[in-house]
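# A structural walkthrough
These are the residues of each chain, in order.
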Amino acid sequence: MTPLAIGVIVGIEPSPEQALTYVRDMGIPTVQISYPGGLDTPDGIALIKRALAETGIEITSVVCGFEGDQYSDIATVQATVGLVPESTRAERLKHIRQASDFASKLGVTRLQTHIGYVPEDPSDPAYQDVVAAMRTVCDDVARHGQVFALETGQETGAGLRRFIDDVDKLNLRVNFDPANMILYGNDNPIEALDILAPFIDGVHCKDGCWPTQEGQLGTEMPLGQGDVDFTRWLKKLIALGYRGPLTIEREIHGEQQRKDILLAKELIESITRQINR
Ligand code: MG
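Here's what I pulled together on the structure shown here. (Residues numbered from 1 in each chain as written. Predicted model: local features only at pLDDT ≥ 70, side-chain atom pairs only at ≥ 80, totals over all residues. Heavy atoms only, no water.)

## Considerations on the coordination of the magnesium ion
The expected angle between donors at a tetrahedral four-coordinate metal is 109.5 degrees. At an octahedral six-coordinate metal it is 90 or 180 degrees. We count it as follows: Each metal's donors are the N, O and S atoms within 2.8 Å of it, or within 3.2 Å when it is Na, K or Ca, and because water is not part of the set, sites may look incomplete. Going along the chain from the N terminus, every DSSP run of H or I of four or more residues is numbered as a helix, and every run of E of two or more is numbered as a strand. Type-normalised accessible area, obtained with a 1.4 Å probe on protein chains alone, sets the label of each residue: buried when under 20%, exposed when over 50%, and partly exposed for intermediate values.
Distances from the magnesium ion to its protein donors, namely Glu151 (OE), Asp177 (OD), His204 (ND1) and Glu249 (OE), fall within the range 1.9 to 2.2 Å. When the donors of the magnesium ion are listed by position in the chain, the intervening gaps give E-x25-D-x26-H-x44-E. Here Glu151 is found in strand 5 (residues 147-151), whereas its partner Asp177 is found in the loop between strand 6 (172-176) and helix 7 (178-183), with 26 residues between them in sequence. Exposure class is identical for Glu151 and Asp177. Each is buried.

## Some remarks on the sheet that holds strand 10 (residues 246-248)
Short version of the rule: Strands qualify as paired when DSSP identifies two bridges or more between them. A fitted line through C-alpha atoms represents every axis, and for helices the fit uses only the stretch in contact; the resulting angles, taken between N-to-C directions, go from 0 to 180 degrees.
The strand order 1-2-3-4-5-6-7-10 describes a closed barrel built from eight strands, whose pairing is parallel. With strand direction ignored, the average angle separating the axes of adjacent strands in the sheet is 30 degrees. Where strand 1 (residues 6-10) lies against strand 10, three bridges are found, and the strand directions are parallel. Looking across to strand 10, one finds that Ile6 is bridged to Leu246.

## Describing the layout of surface pockets
The criterion, for reference: Each cavity reported here is a set of points on a 1 Å grid over the protein atoms alone in which a 1.4 Å probe fits but cannot get out, each pocket an open set with protein on both sides within 12 Å along at least five of seven lines, and each lining residue one with an atom within 4 Å of a point. Grid points are joined across faces, edges and corners, and a volume is the space filled by probe spheres set on the points. Residue type decides the class: Asp, Glu, Lys and Arg count as charged, Ala, Val, Leu, Ile, Met, Phe, Trp, Tyr, Cys and Pro as nonpolar, and the leftover types, Gly among them, as polar.
Of the volumes computed, that of the largest pocket is approximately 830 Å³. Lining the largest pocket are 33 residues, and of these Ile9, Ser34, Val63, Glu249 and Glu251 sit closest to its centre. Taken together, the elements giving at least two residues each to the lining of the largest pocket come down to strand 1, helix 7, strand 9 (219-221) and helix 10 (254-276). Element by element, the count of residues in the lining of the largest pocket is highest for strand 1, at three residues. For the lining of the largest pocket, the per-class residue count stands at 14 nonpolar, twelve polar and seven charged.

In structure tokens form, the structure reads like this:
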């Protein structure tokens, strides 16, 4: 992969060929894909490999979402998302193992997810449970030589750093989504880069505005139009040594999503051009 290659996060079900052709036609060379359970069969994997060969696109990460994850407001996220809720933890650990096996068949060495609202207080009993679950995940994906990246946002940068230090596994990484820190009202994504930089091996180029109501999430915006100050954020990320993919995320659908992705691509290219000059 070219350093700082542009990417986009996509679903590839039901047709990997259609999904990856759509990406290639936007001039984007890499993708993060949502774990496509319906294609996790020998035939499905063959279809994906053919689509990758035909389009020349590289998968940089497999993203595990979970059935039952709900993002409607802060309380619902705390109750439903990731590895934090105890009632669904065992089945979700199994789901990650499946996704890891799937990724290895495609030669993908990176998995990632939102693990949920890790308690900020390490003396909360749930904190130690999530640390233990995370160690299990790291060991599971290490079987295939993979790393596992935590998506930022549902905690402060300092809280996430302490969690990483406590899990203490060499293959734990960060997928830094600067918009999430703002959408969840948690932290300043430019300042948080300093504390998380050594662990960042992937990012989401996404923007958003701070929440305006207690308990609610903020509003996602087209890249460059929210409160992230994306240009400053990206320049600082690169100055800190980051050379991984720059994966655009725009959580809407249809033609407007395509337009916003293309505008995001232009913005990123204008920033990296300035740096290269
Ligand atoms: Mg994201």
